[in-house]
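The chain contents come next:
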Amino acid sequence: MMKRYQLKDLDCANCEAKMENAINKISGVNKATVSFMTQKLVIDAEEGHFQEIMKEVVRVCKKVEPDCTIQM
Amino acid sequence: MTKKQKKTLTRIIISAILLGAFMLMPTTAVIPEKWQMWWQLGIMLIPYLLIGKDVVWKAVRNILHGKVFDENFLMSIATVGAMVIGKYSEGVAVMLFYQVGELFQSYAVNRSRQSITELMDIRPDYANIEEDGGLRQVDPEEVRIGDIIVVKAGERIPLDGKVASGTSLLDTSALTGESVPREVVPGSDVISGCINTSGLLRIEVTREFQESTVAKILDLVENASSKKAKAENFITKFAGYYTPVVVTAALLLAVIPPLFLGLAWGDWVNRALMFLVISCPCALVISIPLSFFGGIGGASKCGILVKGSNYLEALADMTTIVFDKTGTLTKGVFKVTNLYPAGMKKEELLQYAALAESYSDHPISLSLKEAYGRKMDAERIGEVEEIPGHGVSAVVDGHRVLAGNLKLMKRMDIPYEENSVSGTVVYVAVDDKFAGSIVIADEVKEDAKAAIAALNEAGVRKTVMLTGDRREVGEEVASKLGLDQVYTELLPGDKVDKVEELLQNMNGREQLAFVGDGINDAPVLSRADIGIAMGAMGSDAAIEAADIVLMDDEPSKIAVAVRIARKTLRIVRQNIVFALGVKAFFLLLGAFGVATMWEAVFADVGVSVIAILNATRILRTEE
């Protein structure tokens, strides 16, 4: 399942890559891209566990860039 | 400015005033000598904490999370270090300068992000649905196929559909970059994203929003930044190695000279701190995706959709371009191009031919009728007889007219003048006497010749045309347009083989582009390094198969795309060289103790700002 989320206050371009790497390491995530320019997260993950996966994504993002929030 | 930026600005102003005031304050006054240092530190901590508390806090928090090497950490270490060695006002000033730079940087990035998004802003906010005699605004996503929507003058068409009633001129510039309005009448297909400039239109929706042209284009452009260019991947990788290397170097710089050479600790620690400030790779990391994004945005403004930064990069290295003929360089519509009458006026010749062919639906007959342009009077035509494979025989105004190919003239034993002009030739005889010939050909697009010239000028070395058409026709078009090579009489499968062959002869970074109309050349589009589909307004197949999509069908847009790509890549290279060059220079100055902390902060923040400003130049690409 593909979903797109708006990100808020993603201020640093380097964090984009860090976040992307971290999200892609979560199990169940097929592919995720974070775009600093469009301030968007596009995630393709397993349909069944999508809720849990997103929870993990939020947790990981908080760790990488505490100021940045994912708008659900 | 955003709320966050305004807050930062206020903090900057207040702490700048405090810093200035404390620096001017007489030092001796009431404080005894031995407390002087603590007093100085105490008052300077006020502006320092005001301006730098978030940076320090982030640094601490990141260390707790196990992330050490980021700019917050570097700035905190550098400024705290400056305070420790007694340079209080310098510590505050560096932090202040850093924040000014950060603010400017985020402002510039936001601005260019906004202007790029504006370029691509074709998303309709609402659709009008007629209800109980009045209009109700609904979300375009709620409209279903078959619903009738109303688009008033000045409004954007929210969904793809067919005009049910009303006529108008549509402004398609948001999609094609083209300013000539398009006329629509009841029955015309219209696509979302166009602006209705004059009358009231009632449109029957034929596609839901998610399937509509606008949604597809937005999706494509938004996803474009996820296909990263080699330059972008290089920078991300580079930053991963760069920061740890510089931090290690700084550590060695701080420790080795004092330990082994017995030099003063303070001086070398200060140099190491400068090293850290300079080392931040922000300038590169921000300006490069910004440049590519700007390039993609600028291109989409001209009606050129690029599916990823990597394709923009490839386009800049394109040396060979292969065109399909029909529909790409030519209009793909047959038209009467020349009349060669024998013993009568041109109009007469055309009239006889058109009337004789008036009962046929063959494309040739249609183009004759279109060229004639007047109403067909059935009473003037009698005894129509089709002669399969040859043409027609009909009685027009009492004269027996023969119209057809060469074989018809031979069969009827009519002495004729052969016409060797390329294209399809219709020979006409009236009352068994040769009356002349008419040439019907696919017209070359108006801007095709200029497009080839512009591509050559832009540095494309080889232009090739592939066609399934006859040799004479293909070669004539090719020489007319100034193409370097032409392959004719190809079957669809042969086109892939020819492209393979051309690809074999390429070396290194050179890229090959194939341009087609996307209808039956999907295999070639995907085989080429860069597949360019044109005339894609509303065509799913083309958007799907190609890497670059031209919204209208002008081949000259390709040269524009190449120019934008080259400019983007030029700016990317400038930024890489400039940022690394300045940093390397200041790192050296810092290591030898020539640079001060001020210069170090400039090397970091100043370079970022200049690189960002340079990147925003892409948005001002000429048409």
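Every chain is numbered independently, its residues counted from 1 as its sequence is written. Written order decides the labels, with chains lettered from A and ligands numbered from 1. Residue-level local features of this predicted model are given only where pLDDT is at least 70; pairs of side-chain atoms are given and counted only at 80 or more, and the full residue set underlies all totals for whole chains, interfaces and linings.

As annotated in an unreviewed UniProt entry, chain B carries the name Cadmium-translocating P-type ATPase and comes from Diplocloster agilis. UniProt positions are given in the numbering used here, feature names are shortened, and annotations may be inferred rather than shown by experiment. The UniProt entry for chain B carries this comment under Subcellular location (unreviewed entry): "Cell membrane".

As recorded by an unreviewed UniProt entry, chain A carries the name Cation transporter and is attributed to Diplocloster agilis.

Q: I'm lost on the overall build of chain B in this one. Help?
A: Numbering goes from the N terminus for both helices and strands, where a helix is a DSSP run of H or I of at least four residues and a strand is a run of E of at least two. Broken down by element type, chain B carries 21 helices and 22 strands. For chain B, the C-alpha radius of gyration of 35 Å lies well beyond 25 Å, the compact-globule estimate for 623 residues. Along the three orthogonal principal directions, the C-alpha set of chain B runs to about 125 × 65 × 35 Å. Whether a residue is buried, exposed or partly exposed follows from its count of other C-beta atoms within 10 Å of its own C-beta, namely 20 or more, 12 or fewer, or something in between, respectively; the C-beta atoms are built from the backbone. A burial count over chain B gives 44% of its 623 residues as buried. Whether two residues are in contact depends on their C-beta atoms, placed from the backbone: they are in contact if these lie within 7 Å. Nonlocal contacts in chain B, meaning residues at least 24 apart in sequence, comprise 66% of its contacts between residues at least 6 apart. The size measure is the radius of gyration over C-alpha atoms, and the globule rule it meets is 2.2 Å times the number of residues to the 0.38 power.

Q: What's the story with the overall build of chain A in this structure? I'm lost.
A: When you go through chain A residue by residue, the secondary structure sums to two helices and four strands. Listing the helices and strands of chain A from first to last along the sequence gives β-α-β-β-α-β. The globule rule puts the C-alpha radius of gyration for 72 residues at 11 Å, and the 11 Å found for chain A is close to it. Dimensions of chain A, computed from the C-alpha atoms along their principal axes, are close to 30 × 20 × 20 Å. The buried share among the 72 residues of chain A stands at 42%. A separation of at least 24 residues holds for 60% of the contacts in chain A among residues at least 6 apart in sequence.

Q: Help me understand the packing of helix α8 (residues 265-279) of chain B against helix α21 (residues 597-616) of chain B, please; the structure alone is not making it clear to me.
A: Between two packed helices, both the angle of their axes relative to each other and the distance between the axes serve to describe the pair. Residues and elements named next belong to chain B. Where helices are involved, their axes are fitted lines through C-alpha atoms of the stretch in contact, as for all axes, and angles between N-to-C directions lie from 0 to 180°. Contact geometry for α8 and α21: axes closest at 7 Å, N-to-C directions at 20°. Classified by the interaxial angle, the pair formed by α8 and α21 is roughly parallel. Crossing of α8 over α21 shows right-handed handedness. Together, Met274, Val277 and Ile278 of α8 and Met597, Ala600, Val601, Ala603 and Asp604 of α21 make up the contact between the two elements. Convention used here: angles under 35 degrees read as roughly parallel, angles over 145 as roughly antiparallel, angles from 65 to 115 as roughly perpendicular, and any remaining angle as oblique. Each crossing gets its handedness from the near helix: less than a right angle anticlockwise from the far helix is left-handed, clockwise is right-handed.

Q: Please clarify how the sheet that holds strand β1 (residues 2-8) of chain A should be interpreted in this entry.
A: Residue and element names in this part refer to chain A. In this scheme, strands are said to pair when DSSP sees at least two bridges between them. Sheet architecture is open: four strands sit in the order β2-β3-β1-β4, paired in antiparallel fashion. Each edge of the open sheet carries a strand with a single partner, namely β2 (29-35) and β4 (69-71). The mean inter-strand angle of the sheet, taken between neighbouring strand axes irrespective of direction, is 30°. Bridge count for β1 against β4 is three bridges, and the pairing is antiparallel. Looking at β4, one finds that Lys8 is bridged to Thr69. Contacting β2, β3 (40-45) and β4, helix α2 (residues 50-64) crosses the sheet at an angle of about 140° to β3.

Q: Just to check I follow, could you spell out the interface of chain B and chain A for this structure?
A: The parts lose accessible area when they come together, and the size of an interface is often stated as this lost area. Counting residues at the interface gives 15 residues for chain B, matched by 13 residues for chain A. If you list the elements that add at least two residues to the side of chain B that touches chain A, you get α4 (88-119), α6 (213-224), α7 (230-261) and α9 (282-301) of chain B. Considering every element that reaches the side of chain B that touches chain A, the biggest residue donor is α9 of chain B, with five residues. All residues other than Ala, Val, Leu, Ile, Met, Phe, Trp, Tyr, Cys, Pro, Asp, Glu, Lys and Arg, Gly among them, are scored as polar; the first ten of these are nonpolar and the last four charged. Residues of the side of chain B that touches chain A, tallied by class, amount to six nonpolar, six polar and three charged.

Q: Before we go on, may I ask you to explain the sheet that holds strand β14 (residues 391-396) of chain B in this structure?
A: Hydrogen bonding along the main chain pairs the strands of a sheet, whether they run parallel or antiparallel. All names here are of chain B. An order of β12-β17-β16-β15-β14-β13 is seen for the six strands of this open sheet, with the pairing classed as antiparallel. At either margin of the open sheet sits one strand with a lone partner, and together these are β12 (330-341) and β13 (381-387). In this sheet, neighbouring strand axes are inclined to one another by 20° on average, regardless of whether the strands run parallel or antiparallel. Of the strand pairs in this sheet, β13 and β14 are connected by five bridges, and their pairing is antiparallel. Each bridged residue has a counterpart across the sheet, and for Glu385 the counterpart in β14 is Ser393. The strands touched by helix α13 (residues 363-372) are β12, β16 (424-430) and β17 (433-444); relative to β12, the strand with the most contacts, the crossing angle is about 65°.

Q: Sorry if this is basic, but what is going on with the nonpolar core here?
A: Burial of nonpolar side chains together is a common tendency in soluble globular proteins. Residue and element names in this part refer to chain B. Core analysis: the biggest nonpolar cluster contains 161 residues, and Phe275, Val277, Leu315, Ile532, Ile548 and Ala561 have the highest contact counts within it. Per-element tally for this core: the top contributor is helix α20 (residues 556-591), with 13 residues. As used throughout, a nonpolar core is a set of buried Ala, Val, Leu, Ile, Met, Phe, Trp, Tyr and Cys residues joined through C-beta atoms within 7 Å of each other. Listed in part, the 27 residues of the second largest apolar core include Leu349, Ala356, Ala403 and Val428.

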